[in-house]
Amino acid sequence: MKTSLASSVTRAVIFAIVCTPALRVSAQNLPDNPKPGQPIDDMKALAAKPTPKTADGHPDLSGRWMVPNTGQGGLRGRVDGNVHELIYGIPVTGDVSTDAAVSAELIRKQEERAKRAAANAPAYKPEFQAKLAEVQKDTNHSDPTTYSCLQGGVPRMGAPRVILQAPGQIVLLYPGGYETPDPYSTYRAIPMDGRAHRVVGTDYDNNPMGDPVGHWEGDTLVIDTVGFDDSTWFANGGYFHSDAMHVIERITRKGDTLEYSATVEDPKMLIKPYNMNPNGPLVLKKGGANDVVFNDDLPCDLSDSAHDFRVHADRKDTTN
């Protein structure tokens, strides 16, 4: 009976992948997974702190911004040689009753996430439904970024992890490697001098990062980006876009917290705008000088098979 139950638990909730030195185990939207034993962050207290201002009177967004420990846990698992068994929540213990309880909770959370994702899925026009279904059959291989050297995509890359603020310009830094869809670190420079978007085809070519311009709406930084090509996804799950995509991102500092949200419009492909944050903005906490948010980038050379991320799109599921 124990053997049967353990087998069922394993098949239901644990996926095993054969790890190689460059393998990226992606816990998307769970960067900086808090370590067990870390104190829970009081986000209300952090937000209640005074918000520093720059000389021009705007909120000072500069600094390192970290994912807080809310006590929800992150991606955990057990390592056995070159096989990593991963679950969401706590490590697999090997105890049947404990792991069965973890399994039930994991299944419940997966079902809740699936319902939320379905309720907030981008609304594609009918003529793009077949393409979406085909892409979503195997997102490991259709993903243009995670297993390649392409840009992560806006706003898929999410909130910046370091912000550098200066008169007339704000620079946003994003980590690469294990935390994000990007295989390497990148940045975006946001003009804040009131300029208009550049003219595509005249002084600017469409590209994965688009052409951003920024302005302030009260204490909120608003980043308006157009001029994309169609090489990226705007969100996890196979959500492709056209060169007509228009992205609005909002960043607000409240005390020692940072709120981030984004909206996507694509009149060629989407029936209506897509809200990346239907349950409220992503909230980060201010990091200290010793908080490291950037790891060494993974090698990115598709001409060298040892550094070709695409080979890692093939996971070996040893539970089947």
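Scroll up for the structure.
For the structure given in this document, a descriptive report is provided here. (Residues numbered from 1 in each chain as written. Predicted model: local features only at pLDDT ≥ 70, side-chain atom pairs only at ≥ 80, totals over all residues. Heavy atoms only, no water.)

**Re the overall build of the protein**
Part 1 of the argument: Across its full length, the protein holds five helices and 15 strands.
Part 2 of the argument: Within the protein, buried positions represent 42% of all 320 residues.
Part 3 of the argument: Contacts in the protein between residues at least 24 apart in sequence constitute 62% of all its contacts with a sequence separation of at least 6.
Part 4 of the argument: Only carbon and sulfur atoms are counted for the fraction: they give 54% of the accessible area of the protein, which is about 16400 Å². (Helix = DSSP H or I, 4+ residues; strand = E, 2+ residues; numbered from the N terminus. Buried < 20%, exposed > 50% of the residue type's maximum accessible area, 1.4 Å probe, protein only. Contact = heavy atoms within 4.5 Å. Areas by Shrake-Rupley, 256 points an atom, 1.4 Å probe, with all protein chains shown as cover.)

**Examining the environment of Asn279**
Part 1 of the argument: Checked against the element boundaries, Asn279 lands in the loop between strand 14 (274–275) and strand 15 (282–286).
Part 2 of the argument: Asn279 sits in the exposed class, given a relative accessible area of 69%.
Part 3 of the argument: Through-space distance from the C-alpha of Asn279 to that of Asn120 is 9.8 Å; in sequence the pair is 159 residues apart.

**Considerations on the nonpolar core**
Part 1 of the argument: Among the nonpolar cores identified, the biggest contains 36 residues, and Tyr124, Leu221, Phe234 and Phe240 are the most heavily contacted of them.
Part 2 of the argument: Those elements that provide at least two residues to this core are helix 4 (129–136), strand 6 (169–174), strand 9 (220–226), strand 10 (233–235), strand 11 (239–240), strand 12 (246–254) and strand 13 (257–265).
Part 3 of the argument: With four residues, strand 13 is the single largest residue contributor to this core.
Part 4 of the argument: Beyond its immediate stretch of four places on either side in the chain, Phe240 contacts Tyr124, Phe128, Lys131, Leu132, Val135, Thr232, Trp233, Phe234 and Met269. (Core = buried A, V, L, I, M, F, W, Y, C linked by side-chain atoms within 4.5 Å.)

**Considering unusual backbone geometry**
Part 1 of the argument: Here Val154 and Pro155 are connected by a cis peptide whose omega angle stands at 0°.
Part 2 of the argument: When you line up the elements, Pro155 lands in the loop between helix 5 (139–142) and strand 5 (162–166).

**Some details on the pattern of salt bridges**
Part 1 of the argument: One pass over the full model with this rule turns up 13 salt bridges.
Part 2 of the argument: Lys285 is paired through a salt bridge with Asp41; the nearest N and O atoms lie 3.1 Å apart. Taken as a pair, Lys285 in strand 15 and Asp41 in the loop between strand 1 (15–18) and helix 2 (43–47) lie far apart in primary sequence, 244 residues in all.
Part 3 of the argument: Note that Glu134 is salt-bridged to Lys137, the shortest N-O span being 3.2 Å.
Part 4 of the argument: Several salt bridges converge on common partners, so that one network encompasses Lys49, Arg253 and Asp256. (Salt bridge = Lys/Arg side-chain N within 4 Å of Asp/Glu carboxyl O.)

**Describing the side chain of Asp229**
Part 1 of the argument: In this fold, Asp229 is placed in the loop between strand 9 and strand 10.
Part 2 of the argument: When sequence neighbours within four positions are dropped, the list of residues in contact with Asp229 reads Asn206, Asn207, Pro208, His241, Ser242 and Asp243.

**Let's talk about the side chain of Asp224**
Part 1 of the argument: Mapped onto the elements of the fold, Asp224 is located in strand 9.
Part 2 of the argument: Although buried, Asp224 forms no salt bridge, and the nearest oppositely charged side chain, Arg250, lies 8.5 Å from it.
Part 3 of the argument: For Asp224, the side chain forms a polar contact with the side chain of His197, separated by 2.8 Å.
Part 4 of the argument: Side-chain polar atoms of Asp224 contact the side chain of His246, separated by 3.0 Å.
Part 5 of the argument: Once residues within four sequence positions are removed from consideration, Asp224 is found in contact with His197, Asp211, Pro212, Val213, His246, Val247 and Ile248. (Lys, Arg positive; Asp, Glu negative; His and termini not counted. Polar contact = N/O pair within 3.5 Å; in protein donor to acceptor, adjacent residues only side chain to side chain.)

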